[in-house]
Number of protein chains: 4
Amino acid sequence: MARPRSDEKRNAILAAATRVIASQGLSASTAMIAKEAGVSNGSLFTYFETKADLLNRLYIELKEEIAEVVAKEPHQGTSLRDRTFHMWSRWGHWAVTFPEKQKALTLLTVSDDITPESHQAGHDAFREIRELIQLSSAHGPMRDIPLYFTTALMNGLSEATIHFMIEDPDNAAMHCVRGFEAFWRMLT
Amino acid sequence: MARPRSDEKRNAILAAATRVIASQGLSASTAMIAKEAGVSNGSLFTYFETKADLLNRLYIELKEEIAEVVAKEPHQGTSLRDRTFHMWSRWGHWAVTFPEKQKALTLLTVSDDITPESHQAGHDAFREIRELIQLSSAHGPMRDIPLYFTTALMNGLSEATIHFMIEDPDNAAMHCVRGFEAFWRMLT
Amino acid sequence: MARPRSDEKRNAILAAATRVIASQGLSASTAMIAKEAGVSNGSLFTYFETKADLLNRLYIELKEEIAEVVAKEPHQGTSLRDRTFHMWSRWGHWAVTFPEKQKALTLLTVSDDITPESHQAGHDAFREIRELIQLSSAHGPMRDIPLYFTTALMNGLSEATIHFMIEDPDNAAMHCVRGFEAFWRMLT
Amino acid sequence: MARPRSDEKRNAILAAATRVIASQGLSASTAMIAKEAGVSNGSLFTYFETKADLLNRLYIELKEEIAEVVAKEPHQGTSLRDRTFHMWSRWGHWAVTFPEKQKALTLLTVSDDITPESHQAGHDAFREIRELIQLSSAHGPMRDIPLYFTTALMNGLSEATIHFMIEDPDNAAMHCVRGFEAFWRMLT
DNA sequence: CATGAATGAGCGTTCATTCAT
DNA sequence: GATGAATGAACGCTCATTCAT
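In this text, all values refer to a predicted model and were calculated from it rather than measured experimentally. (Residues numbered from 1 in each chain as written. Chains lettered and ligands numbered in written order. Predicted model: local features only at pLDDT ≥ 70, side-chain atom pairs only at ≥ 80, totals over all residues. Heavy atoms only, no water.)

Chemist: Could you clarify how one ought to interpret the overall build of chain A in this entry?
Modeler: Within chain A, the regular secondary structure consists of ten helices and zero strands. The linear arrangement of helices and strands in chain A, starting from the amino end, is α-α-α-α-α-α-α-α-α-α. Overall size of chain A, expressed as C-alpha extent along the three principal axes, is 55 × 35 × 30 Å. Evaluated residue by residue, chain A yields a buried proportion of 46% over its 188 residues. (Helix = DSSP H or I, 4+ residues; strand = E, 2+ residues; numbered from the N terminus. Buried < 20%, exposed > 50% of the residue type's maximum accessible area, 1.4 Å probe, protein only.)

Chemist: I would appreciate a short explanation of the relation of the copies chain B and chain A in the present structure.
Modeler: Each of the two chain copies can be generated from the other by rotation about an axis followed by a shift along it. Between chain B and chain A, the superposition needs a rotation of 179° and an axial shift of 0.0 Å, giving an RMSD of 0.1 Å. The two molecules are tied by a two-fold rotation axis, judged by turn and shift. A symmetric contact is evident, with 100% of the interface residues of chain B recurring at the interface of chain A. (Least-squares fit on C-alpha atoms with pLDDT ≥ 70 in both. Contact = heavy atoms within 4.5 Å.)

Chemist: Is there a simple way to explain the relation of the copies chain D and chain C in this structure?
Modeler: It takes a turn of 180° to lay chain D on chain C, together with a shift of 0.0 Å along the axis; the resulting RMSD is 0.1 Å. The fraction of interface residues of chain D whose copies in chain C are also interface residues reaches 97%, indicating that both copies meet through the same surface.

Chemist: What should I look at first to understand the nonpolar core in this one?
Modeler: Generally speaking, soluble globular proteins have nonpolar side chains that are buried together. Counting 117 residues, the largest nonpolar core has I13, F183 and M186 of chain A together with I13, F183 and M186 of chain B as the members making the most contacts within it. Excluding residues that lie within four positions of it along the chain, F183 of chain A makes contacts with T84, W88, I133, M154 and L157 of chain A. (Core = buried A, V, L, I, M, F, W, Y, C linked by side-chain atoms within 4.5 Å.)

Chemist: Would you take a moment to explain the interface of chain D and chain C for this structure?
Modeler: The extent of an interface is frequently quoted as the accessible surface area lost upon association of the parts. Contacts between the two partners involve 30 residues from chain D and, on the opposite side, 29 residues from chain C. Across the chain D to chain C interface the summed buried area is about 2,300 Å²; carbon plus sulfur atoms make up 71%. Considering only the surface of chain D that becomes buried against chain C, F149, R178 and R185 of chain D emerge as the three largest contributors, covering 27% of it. On the surface where chain D and chain C come into contact, there are two salt bridges. Here D112 of chain C and K103 of chain D are joined by a salt bridge, their closest N and O atoms 3.1 Å apart. For the interface between chain D and chain C, the tally reads five residue pairs in polar contact (both at pLDDT 80 or more). Contributions of two or more residues to the side of chain D that touches chain C are made by helix 1 (7–24), helix 6 (99–109), helix 9 (147–167) and helix 10 (172–187) of chain D. The element best represented in the side of chain D that touches chain C is helix 9 of chain D, accounting for nine residues. Split into classes, the residues belonging to the side of chain D that touches chain C amount to 16 nonpolar, nine polar and five charged. (Buried area = accessible area lost by both parts, 1.4 Å probe. Salt bridge = Lys/Arg side-chain N within 4 Å of Asp/Glu carboxyl O. Polar contact = N/O pair within 3.5 Å; in protein donor to acceptor, adjacent residues only side chain to side chain. Nonpolar A, V, L, I, M, F, W, Y, C, P; charged D, E, K, R; others polar.)

Chemist: Is there a simple way to explain the domain arrangement of chain A in this structure?
Modeler: All names here are of chain A. Assigned domains of chain A: these are domain 1 (1–49) and domain 2 (60–187). Between the C-alpha centres of domain 1 and domain 2 the distance comes to 28 Å. In this assembly, eight residues from domain 1 lie in contact with eight residues from domain 2. Roughly 670 Å² of surface becomes buried between domain 1 and domain 2 when both sides are summed, with 72% attributable to carbon and sulfur atoms. A salt bridge links R10 to E61, with the shortest nitrogen-to-oxygen separation between them at 2.5 Å. Residue composition of the side of domain 1 that touches domain 2, grouped by class: four nonpolar, two polar and two charged. (Domains from an automatic or database assignment.)

Chemist: Got a minute to help me understand the packing of aromatic side chains in this structure?
Modeler: What describes a pair of aromatic rings is the distance from one ring centre to the other and the angle between the planes of the rings. Scanning all chains against the criterion turns up 32 aromatic pairs over all chains. With a centroid separation of 4.9 Å and 90° between ring planes, the pair formed by F149 of chain C and F164 of chain D is classed as edge-to-face. In this pair, F149 of chain C is assigned in helix 9 (residues 147–167) and F164 of chain D in helix 9, connecting two distinct chains. Note on accessibility: F149 of chain C and F164 of chain D belong to one class, buried. Between the aromatic rings of F180 of chain C and F183 of chain C, the centroid separation amounts to 6.2 Å while the plane-to-plane angle is 65°, which identifies the pairing as edge-to-face. (Phe/Tyr/Trp six-rings, centres within 6.5 Å; stacked < 30°, edge-to-face > 60°.)

Have a look at this one:
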C-alpha cells in the first residue's frame, strides 16, 4: 500500500556500484555509491542490507549477465568450435562494451566479502557454458580432467584475453581471436 | 629518508603484511601489520612512506621472489619442454609452500594501489621467464603473437592451476602437471 | 490530529513500547516498537506525534495504572496501617506481575524526555495514595514535613523493595512485608 | 618512550562525560564528550575502548568517589548515630556540590550499559558504608534482614533526599536532616 | 487511515598519518 | 631511530520522521 520498492532504484544502485567500484576499487564508500545512484545514503540500505550484501548481489548479477549474454542466440547446428567461439566472442564483446562491469567483477572475484554461496551461485550461472566446454573437450586431451579444472583454465585465459581487448580496443577482435585459438588448442 | 638501518625490520614488516593481507584482505590496517611485525605503529612509516608504498614494495618483492625461485637451478642442456616444466613446477611449488604470499599477490595484482611503475617492475622481474616462453613458442602457433600476450595467457593458466594446487594440496603435483600440459598444448 | 480511530492500536503500541523498552532500554527504535506492536513504521506516528510523545504518554499511563491498581478495593473500615499495607502490597504485586512495566517506568522516570508536565501528571495520579500517606503520618514524627517529601521517601523505599521482589520472586511476599515494615517505622 | 598516556586527559574525558551526560542524558554522543574534554574524536577511544566502557568506568569512579568522600574524617569515638549522620551528610553535601555527578550517576545506575561486574565494583566500594549500617542496625528491628536489603532501602531514601537537596538548595541542610531522621527511624 | 520506502543527519568507531617524547 | 598517543576525516549503518501510494 506504500510506495513499492522500485527495481529501477535497485538497478541504479547496482549500476552505480559498478561504476564507482571500477574507478575507486572495493573500498568505494556506500555514500559515494548512493550519490552516484541518485539516491539517499540510507536508501541504499533499504535495497541491500549491508555493503557486503550489495557486493555479493552485484557479483552474482554480473556473473548471470555474462552467462545470459553468452548463451543468447546460440549457433545451433554449427560446429562445436564455431559455437564455442561464438560464446567466447560474445563474452569478450560484453567486456569491451562494459569495461567497468569487467573491472568490478575482477575485483569482486578475489574479494573476501564474496561468500562461498555467492561463488557457488556464480558458478551455477555458468552451467550452459560449462556444458559447451564439456562437449568440446569430450574427445580431446582433457577428456579425463574434471570439468571444474578445465573451466578454471578457460577463465584464466578469457580474463587475460579480455584484459588485452579492453586495454587495446582497436585490436579487440584480433586479441579475441588469438585468445580463442590458444584456448581451443589447449582444449582439443 | 635514507635507507633505514634495519633490513630485518623492513623484512619483518613485509612478511607481516603478507600474512595479514592474506587473511584480512587489502583493507588490513597498518596498525595490525605493525603489530604482527612486532614493530610499533609509527615505525612502519619510517620503512615505508605510506601504506600504498608498502603495498607496492610488497608486490614487487613477491614478483621478484617468484622470478628468482623459478630461475634457480635451471635445467640447462635438457629440452625446452623440460626446462619450462621445471619452471612451471617450481612456481607451483612456491605457491603451495607459501600460500599466503600467493594470496597476497593475487589481491595486490588487481589493486588500484599498485602503480603502473610497480606493474612494470613486476613485469621486468619476469624477464627470464619470458625469454624461456619466447624460445618455447618460437616455432609454434604463437610465434607471431606478441610475447606480452602469450605471457599474459600463461599467467592466467598458472594462476588457475595454482589455485587448484592450494585448494587441494594432496593432489597438487597432479594439478601442476595437468596445468602444464594444457599450457604446453596451447603454446606449441 | 483528532483522536485516531483505533484505541486498540494505540494500546498495542504502548504495550509494545513497554516490552521493547524493558528489554533494550530507551534507545529502542520506533521501528522496533511498531514491529512488536504489529503496526507499520508510519502508523506509530499517527498515534503519537513523536517518540518523546510516546514516551511521555507511556510514563503517564503506567503511573495511572499503578494508582488505579493500588486504589482498587480499598480496605475501608480497617486500620490505617492495614489500608496502607494493602496499598503497598498491591503495588508490589503489580510490579512482580508486570516486571516489564516496572522496568520501563524506572527508565522513564529518570529520562530527560519526560517533561515536567508529565511528571506533574504522574504525580497527580498518585493523589489517593498521597492522601493515605497524609492520614497515616498525621500524628507521627513526619507530621510537619511537606507531603511531597514524605511521598518521595516512600517512592524510594518502594522502588528498592520492588527491585528485590522482582529479582527474588520466590520470596517476594517476604520482601514486600519487610519493606513495608521499614516504611511504616519511618512514617509513624 | 612515546608520549605517555595522560591521566589528566583521561580525567578530562570522564569529567566531560559527567557534564554532558548530566545535561543531555546517556545518549550524549562521544563526539560531544570529546569536544567538551578538549580532546579529539579519536582520542577518546585511546582512553576508553568503547562508549560502554567509558560509561562503566565513569559509574565505578563516581561510586568510589562517594565512598571515599563519605568515609573521610570519620567521627571515631562518637555515637553510631552521629557517625552515620556524618556519613549521610557528607554524601548529601557531595551531591549538592556536584549535582552533575549525581545526575549522571542516577542515569548510569539504571542503564543497561552498566555490566553486572561494574555494579559489583560499585557495591564493593560501599563496603565501609555498609559496615556502618550493619553496626547501626545490629540491635534494632532490621537486625535479621540481609544487609543488602537494608542498604538498598538506604539508597532509596538517600537518593530521594538528595533529589530534594539539589532541587531546593537553600534548604538543603534541612532536607538532609529530615531524610536522615526518617532513615534512622527506619533503621533503629 | 495504513503502509513502508525515502531521507539525511548523526552515531560509534577505525585508520593512515603525524609528532611529542 | 623508536614509540605509541594524537588527530580528524571517513566509514558503514541507524533512526525519527515524512510522504507517495
